[in-house]
Amino acid sequence: MTQAECVRHVTSGTRKEVCSSVVIAAPQVKRRKNPLCSRCSLFICFCLWSLSVAIMNVTLAVKQYISKMIEISGPGMKVLLMDKETTSIVSVVYTQSEILQKEVYLFERIDSQNRDNMKHLKAICFLRPTKENVEHLIQELRRPKYSVYFIYFSNVISKSEIKALAEADEQEVVAEVQEFYGDFIAVNPHLFSLNLQGVTRGRSWEPSMLARCTQGLTSVLLALKKCPMIRYQLSSDMSKRLAESVKQIITKEYELFDFRKTEVPPLLLILDRSDDAITPLLNQWTYQAMVHELLGLNNNRIDLSRVPGISKDLREVVLSAENDEFYANNLYLNFGEIGTNIKNLMEDFQKKKPKGQQKLESISDMKAFVDNYPQFKKMSGTVSKHVTVVGELSRLVSERQLMEVSEVEQELACQNDHSSAQQNVRRLLQNPRVSELDAVRLVMLYALRYERHSSSILSSLMDELSRRGVSERHRRMVQAAVEYGGKRIRGSDLITPTDAVSITKQFFKGLKGVENVYTQHQPLLHDTLDQMIKGRLKDSQFPYLGASSLRDRPQDILVFMIGGATYEEALTVYNLNRSTPGVRIVLGGSNIHNTKSFSSPGSLKTIFRPKDSR
């Protein structure tokens, strides 16, 4: 019986021996086998392709999954069938040109109604195991448009859905059905996102979002081969709910999580964004964070269509550290350093640029020119892209007076001088060049910082916003921020008088002793992780789920932020990974915030209590 026949006749029969036609001979593979076919003893194969034990790299994990899918399908022309979410998952780690080199010549959505029959193509299906996708796949298999189908789900799929797919495969076109656990967006090697907005109802989970976050988190654990101990933020009921939900999946799918034991177990720490509402409200000055704050990064893409005088080919650009050496080298550098490096990039480009009068007098001259042209063309595109992006950042910094705004933001976040703070906030609110977003965020920061100060001028600042013409909807965001992450809600001491001294950093490396007022702030996550690494994180604030606890220094730490992480926190994790030998940290969030996404009117439902959202 062929492998396709096996898949076609999937039933919930009794356990028999594994059907040899479906078992893939591959080194370093872990399989969970479910008995699915009483006719041919088929066990569907669920694979966890091994990563090196020392690697905590979500980008590499997803890339390896995709490469393995394509490799298993064998030689020949292929189409990659995806859904909306897996399209994002793939596009963040692979460029279209890279996948083209692997004989994947067509990219299609499973929900597209206008696909042609192409029987000369093999179909690689990478889909989330949703009811909608399963139904689309059933319809596809009943009227197949391609010669053979290799089906990969990004998470666990039920036996009943596998059975439904098998029954739909009347033409016996399915060659492979597997689970490859890439159910998340790998933003950076140490940063992932689920691209979810509005995960809460007041202070409770939106039910579908709890399920999706559980799936995303367990997918990351499986991709990295971790079966962790779990700690959660006690002050957040949502953190406890998610911790219990993840633990339930680990217990249910114990075979999948049966990894080789390590001397020190990995650790999953679940936090709530409401414990630090200040970090998403601050202007940023490192390249990746600044781009997201001022221009918006969406799956590594930037929309520059509104930039004055932008050329057609630069209206949307991609910033990917995997395929852009300049971006990779400048990801975490500050704005001052980026300006210098852009200048150096331009000078290097000018040196390599072919001279207009260059003579091609021999075959060797022509060959050298042709050999160097692709590299030159790529470099030309890199220069144009980054000069445009940095130029637009500079324009916005100047136009919105962000240096001055950021200095006051840092004073509010890090220092304890109410008299100076109120004067500076009021002065900026009266400056017509300060944008509405920046005006509202300054008052939000003031409200979070001095909500209980005896001399608070919050009502006066709200009146100032009214005089500026700020809409009531946007003014309500100030109270929303306090309701969401004010002192009554927070479980940690977010603001301390010593912050300014203890966390001051430098703008320019080499200028020893020169404090940079724009980057004084460190996220609360830095202190939380620092205390955890040192074994000082209080069990009373961050208890373990279950009776066990970790007595050794943690080595592999996965942090998940309910309500969204930030690029400033990603920078903190990056620096801790570099400065703490033997410790590997990966950060994830329901999404990656900038000020606009965190404080937008569309987020009021998730910030306001239910009584305020009517």
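The following paragraphs examine the structure supplied in this document. Small disclaimer: the values here were computed from a predicted structure and weren't measured.

Observations regarding the overall build of the protein
Consideration 1: From N to C terminus, the protein includes 22 helices and 19 strands.
Consideration 2: Put simply, the protein has 614 residues, and 55% of those count as buried.
Consideration 3: Partitioning the intrachain contacts of the protein with sequence separation of at least 6 by distance along the chain shows that 78% fall at a separation of at least 24.
Consideration 4: Here the protein displays about 27,900 Å² of accessible surface, and carbon together with sulfur accounts for 49% of that area.

Section: the packing of aromatic side chains
Consideration 1: Enumeration according to the criterion identifies twelve aromatic pairs in this entry.
Consideration 2: Aromatic pair Trp285 and Tyr518: ring centres 5.7 Å apart, planes at 55°, arrangement tilted. A residue pair is termed long-range when its members are at least 10 positions apart, and Trp285 in the loop between β13 (267-272) and α9 (287-294) and Tyr518 in the loop between α18 (499-502) and α19 (524-533) qualify at 233 residues.
Consideration 3: According to the relative accessible area criterion, Trp285 is buried, its value standing at 3%.
Consideration 4: Three or more aromatic residues link up through ring pairs in this structure, and these residues are Tyr65, Tyr152 and Phe180.
Consideration 5: For Arg449, the ring lying beneath its charged end belongs to Tyr450, and the centroid distance is 4.9 Å.

Quick word on helix α16 (residues 458-467)
Consideration 1: Among the residues of α16, Leu461, Glu464 and Leu465 are the ones counted as buried. Down the axis of α16, the smallest arc covering the buried residues is 100°, so these residues share one side. Looking at α16, the residues exposed on the side facing more than 90 degrees away from the buried face are Ser459 and Arg467.
Consideration 2: Lining the buried residues of α16 we find α14 (418-429), α15 (436-450) and α17 (472-485).
Consideration 3: Immediately downstream of α16, the backbone of Gly469 shows phi near 90°, a positive value.

Remarks on the sheet that holds strand β6 (residues 148-153)
Consideration 1: Pairing is parallel across the open sheet formed by five strands, whose spatial order is β4-β3-β5-β6-β7. The open sheet terminates on both sides in strands that have one partner only, identified here as β4 (104-109) and β7 (174-179). On average, each strand axis in the sheet is inclined to that of its neighbour by 15°, with strand direction left out of account.
Consideration 2: Across five bridges, strand β3 (residues 78-82) lies against strand β5 (residues 122-127) in parallel orientation. Opposite Val79, over in β5, you have Ala123 as the bridge partner.
Consideration 3: Lying on the sheet, helix α5 (residues 131-142) is in contact with β3, β5, β6 and β7; it crosses β6 at an angle near 170°.

A word on the sheet that holds strand β9 (residues 191-193)
Consideration 1: With respect to topology, six strands assemble into an open sheet ordered β8-β9-β18-β16-β13-β12, the strand pairing being mixed. Either end of the sheet is taken by a strand with one partner, and the two such strands are β8 (185-188) and β12 (229-232). Each strand of the sheet is rotated relative to its neighbour by a mean of 25°, with strand direction disregarded.
Consideration 2: Note: β13 against strand β16 (residues 556-562), six bridges, orientation parallel.

Overview of the pairing of β7
Consideration 1: Judged by how many residues are buried, β7 sits mostly within the fold: six of six residues are covered.
Consideration 2: Note that β6 and β7 share five bridges and pair parallel. Pairing of Tyr149 across the sheet is with Val174, part of β7.

Quick look at the side chain of Asp83
Consideration 1: Position of Asp83 among the secondary structure elements: in the loop between β3 and α3 (84-93).
Consideration 2: Summary of buried charges: Asp83 has no salt-bridge partner, and the nearest side chain of opposite charge, Arg128, is 6.1 Å away.
Consideration 3: Reaching out from Asp83, the side chain makes a polar contact with the backbone nitrogen of Thr86 at a distance of 2.7 Å.
Consideration 4: Contacts of Asp83, omitting those with residues within four sequence positions, involve Arg109, Ile110, Phe126, Leu127, Arg128 and Asn133.

Focus: the packing of helix α2 (residues 58-72) against helix α7 (residues 207-224)
A pair of packed helices is captured by two measures, namely the crossing angle of their axes and the spacing between those axes.
Consideration 1: One way to put it is that α2 packs onto α7 with a least axis distance of 10 Å and a crossing angle of 80°. By the angle class used here, α2 and α7 are roughly perpendicular. Contacts from Val58, Ala61 and Tyr65 of α2 reach α7 at Val220, Leu222, Ala223 and Leu224.
Consideration 2: Each residue belonging to the contact of α2 with α7 can be placed in one class, and the counts come to seven nonpolar, no polar and no charged.

Remarks on a nonpolar patch on the surface
Consideration 1: A contiguous nonpolar surface patch, about 270 Å² in accessible area, is contributed by Met77, Leu100 and Tyr105.
Consideration 2: When you line up the elements, Leu100 lands in helix α4 (residues 96-100).

Topic: the pairing of β6
Consideration 1: In terms of burial, β6 is a largely internal element, six of the six residues being buried.
Consideration 2: Burial along β6 is two-sided: Val148, Phe150 and Tyr152 and Tyr149, Ile151 and Phe153, pointing in opposite directions, are all buried.
Consideration 3: Here six bridges tie β5 to β6, and the two strands are oriented parallel to one another. Bridge pairing links Lys122 to Val148 in β6.

Calculation criteria
- Residues numbered from 1 in each chain as written.
- Predicted model: local features only at pLDDT ≥ 70, side-chain atom pairs only at ≥ 80, totals over all residues.
- Heavy atoms only, no water.
- Helix = DSSP H or I, 4+ residues; strand = E, 2+ residues; numbered from the N terminus.
- Buried < 20%, exposed > 50% of the residue type's maximum accessible area, 1.4 Å probe, protein only.
- Contact = heavy atoms within 4.5 Å.
- Areas by Shrake-Rupley, 256 points an atom, 1.4 Å probe, with all protein chains shown as cover.
- Phe/Tyr/Trp six-rings, centres within 6.5 Å; stacked < 30°, edge-to-face > 60°.
- Lys NZ or Arg CZ within 6 Å of the ring centre and 35° of its normal.
- Arc of directions from axis to C-beta.
- Pairing = 2+ DSSP bridges.
- Axes fitted to C-alpha atoms, helices over the stretch in contact; angles between N-to-C directions.
- Lys, Arg positive; Asp, Glu negative; His and termini not counted.
- Salt bridge = Lys/Arg side-chain N within 4 Å of Asp/Glu carboxyl O.
- Polar contact = N/O pair within 3.5 Å; in protein donor to acceptor, adjacent residues only side chain to side chain.
- Parallel < 35°, antiparallel > 145°, perpendicular 65-115°, else oblique.
- Nonpolar A, V, L, I, M, F, W, Y, C, P; charged D, E, K, R; others polar.
- Patch = residues over 30% accessible without salt bridge, like charges linked within 9 Å, V, L, I, M, F, W, Y side chains within 5 Å.

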